[in-house]
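Listed below are the residues making up each chain.
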Amino acid sequence: MSISVPALMGQLLIGLINGSFYALLSLGLAVIFGLLNIINFAHGAQYMLGAFVAWFLLDKAGLDYWWALLIVPVVLAAFGAVIERLMLKHLYKLDHLYGLLLTFGLALILEGVFTNQFGSAGLPYSMPDKLTGGYNLGFMFLPTYRAWVIVASLVICVATWFVIERTKLGSYLRAATENPSLVQAFGVNVPRMITLTYGFGAGLAGLAGVFAAPIYQVSPQMGSSLIIVVFAVVVIGGMGSIMGSILTGFGLGIIEGLTKYFYPEASSTVIFVIMAIVLVVRPQGLFGQR
Amino acid sequence: MKWKLLAAAAAVALATGTAQAQISGNTVKIGVLSDMSSLYADIGGPGSVVAAKMAVEDFEKAHHPKFKIEVVSGDHLNKPDVGSQIVRKWYDEEGVDVVVDTPNSGVALAVSEITKEKNKVFLGSGPGTSDLTGAKCSPNTIHWTYDTWMLANGTGTALVKHGGDTWFFITADYAFGQALERDTTNAVKKAGGKVLGGVRVPLNNQDFSSFLLQAQASKAKIIGLANAGGDTINSIKQASEFGIVKGGQNLAGLLVFLSDIHGIGLEKAQGLILTATFYWDMNDKTRAWSKRFAALDNNKMPTMVQAGVYTSVLEYLAAVSAINSDDGRKVVAQMKKKPFDDPLFGRSYVREDGRNVHAAYLFQVKTPAESKGPYDYYKTLATIPADEAFRPLKDGGCSLVK
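Residues numbered from 1 in each chain as written. Chains lettered and ligands numbered in written order. Predicted model: local features only at pLDDT ≥ 70, side-chain atom pairs only at ≥ 80, totals over all residues. Heavy atoms only, no water.

> Got a minute to help me understand the nonpolar core in this structure?
Soluble globular proteins tend to pack their nonpolar side chains together in the buried interior. In this structure, B:I170, B:Y316 and B:L317 are the most contacted members of the largest nonpolar core, which totals 116 residues. No other element matches helix 12 (residues 304-323) of chain B, which puts 11 residues into this core. When we break this core down by domain, the ones giving at least three residues each are domain 1 (26-146 + 283-358) and domain 2 (149-276 + 360-389) of chain B. Among all residues touching B:L317, those that are not within four sequence positions of it are B:V28, B:I30, B:V56, B:F59, B:F67 and B:I69. Ranked by size, the runner-up nonpolar core spans 85 residues in total, among them A:L24, A:A212, A:I227 and A:V270. (Core = buried A, V, L, I, M, F, W, Y, C linked by side-chain atoms within 4.5 Å. Buried < 20%, exposed > 50% of the residue type's maximum accessible area, 1.4 Å probe, protein only. Helix = DSSP H or I, 4+ residues; strand = E, 2+ residues; numbered from the N terminus. Domains from an automatic or database assignment. Contact = heavy atoms within 4.5 Å.)

> Before we go on, may I ask you to explain the domain arrangement of chain B in this structure?
Quite often, the size of an interface is put as the accessible area lost when its parts meet. Residue and element names in this part refer to chain B. Domain annotation of chain B identifies domain 1 (26-146 + 283-358) and domain 2 (149-276 + 360-389). The interface is formed by 14 residues belonging to domain 1 together with 13 residues belonging to domain 2. For the pair domain 1 and domain 2, the two sides together bury roughly 1,200 Å², of which 71% comes from carbon and sulfur. Connecting domain 1 to domain 2 are zero salt bridges. Applying the counting criterion to the domain 1 and domain 2 interface returns one residue pair in polar contact (both at pLDDT 80 or more). Its residues assigned to classes, the side of domain 1 that touches domain 2 shows eight nonpolar, four polar and two charged. (Buried area = accessible area lost by both parts, 1.4 Å probe. Salt bridge = Lys/Arg side-chain N within 4 Å of Asp/Glu carboxyl O. Polar contact = N/O pair within 3.5 Å; in protein donor to acceptor, adjacent residues only side chain to side chain. Nonpolar A, V, L, I, M, F, W, Y, C, P; charged D, E, K, R; others polar.)

> Sorry, what's going on with the sheet that holds strand 3 (residues 98-101) of chain B here?
Adjacent strands of a sheet form backbone hydrogen bonds with each other and so pair up, either parallel or antiparallel. All names here are of chain B. Spatially, five strands are ordered 2-1-3-4-5 in an open sheet, and the strand pairing comes out parallel. The open sheet has two edge strands, strand 2 (68-75) and strand 5 (141-143), and neither has a second partner. This sheet shows a mean twist of 20° between the axes of neighbouring strands, independent of strand direction. Pairing between strand 1 (residues 27-34) and strand 3: four bridges, direction parallel. Looking at strand 3, one finds that G31 is bridged to V99. (Pairing = 2+ DSSP bridges. Axes fitted to C-alpha atoms, helices over the stretch in contact; angles between N-to-C directions.)

If you want it as structure tokens, here you go:
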């Protein structure tokens, strides 16, 4: 195959776009795992819920995309907080496996209910008028919406990293995971902080769902097809590493984009091949310390 | 007086006796086997049950048959083993005489085998694989509505004739997609067109942008989508985002149903070219029937699969009534006897290999401006006459063809 530079540039850019979804979702997973030690398998279902809530807002309440960007994360965060309070709270002392099983079961239930209600073909969600169209970059046509997704998710990722790694609130959070009883003794309400953290992670997933709604079909299975890849991203980046999950998300998006160009048949497996190699060579992940 | 009574009693006994011997239990039981809950539920599913019940109602009203007719339904979950289990139970324990619909080629092939073994009837409106009337043909099976050969040939040939002579394929990387790509490639080449390239995409892919860029770069006039369901929906949605149709290239969906278009929306589906054997807005008969159907099925207009369920049940009942028997092989032989006027598909006939042959149509999806409202989606580009629409009888390799 002859390699044309413009085509390659196009694939790189598209890889970056997909990478921004991976980054956004794996960021939420990394935050939840890092601070709660829960492997949140319901993340894909929360992403799906985000897209559905956006669809409801538009279809039933007439609230457009911009409102959805504000409302959906809040709704999902509240939903996440309720789940944490009612269910996950009881599992912290147990093995990781129990949290995984619980959230996996939740994901299956949510998907089943939505499939039953809305069918599998999915629902259309129209793109906001301001973000339709695109730019001709010479080597490719870049839809405005995709450009927006890259920028928005970069901003969110960096802001999250900053809050957790560089602010006082973030330092409380990190301290609480190291030694909850000590932090509690200093007068910090650790259980509430944990609830809010899980809510924040769920809100991030919901936000990614809103970003995805205009591009992909709003369908009950949209989460389950993505969640496995995102888990691989988190494993490669190192469980619980915030910056690691962001960089790996974007990086793997690009690698996947290149695979789609050079050998498309392997594009759905390339990430898992990398995961296997990383696990053999560096089991703690590229950026993991533990 | 006494003698008269006795004679009458004997006559009644004789009459019911023969009737029982002919139609078991004096009841014809129709089993609608479909995907009721997942990716094909909008194509067949509960709507197919509605269609079957409409056929029963219409047949009873017109012919006042002496036998009773019942409709039962089952969900095969797109798993051949689940489908086989349901059908065996239907045939062995519940007195079902005929299985209809059954989208998903894998399940349909299994059902066809069991039906042959039990000497019942299978009327496949939902499945695509042309093997049902080829290597795997059966004297108990009629493939009713469409098949993969017809889709490939219809869309491929007609598009080349209309100037779409260069192609690029986006293909689902498994048996169904590869077969569809192969058949379409043959049709395109035969009609004088050229295939510039293609890309094999893993099944159930979310993001098609990369493949669409490659298709765009190929400068092919037609981008053939050899995939189905969610893959088709996502590729069409994203093609619109990347301005493929606006840039002068056309998409050809090789297997697209009305319900898919309804799910995608016209804004994104406009310009798409596809082959089908039925569309609700074709003539007075199809319109009247479809509106009746929609009133019974949540205002959803019927797909070609659901329309096929209706007419296949209707024809089946007519054949049972004509020979007064529910013996599978005999009923199918009766259905193959002469051409008939299908109320929805027009002039039709069932061939020796079990293929129900009728005209097919090349449609293009309307622009939002052209559409007058929900379900006003297609305009007709060309009609493919019945004789050209399906694979020639001799090419299928069916053992029933002498």
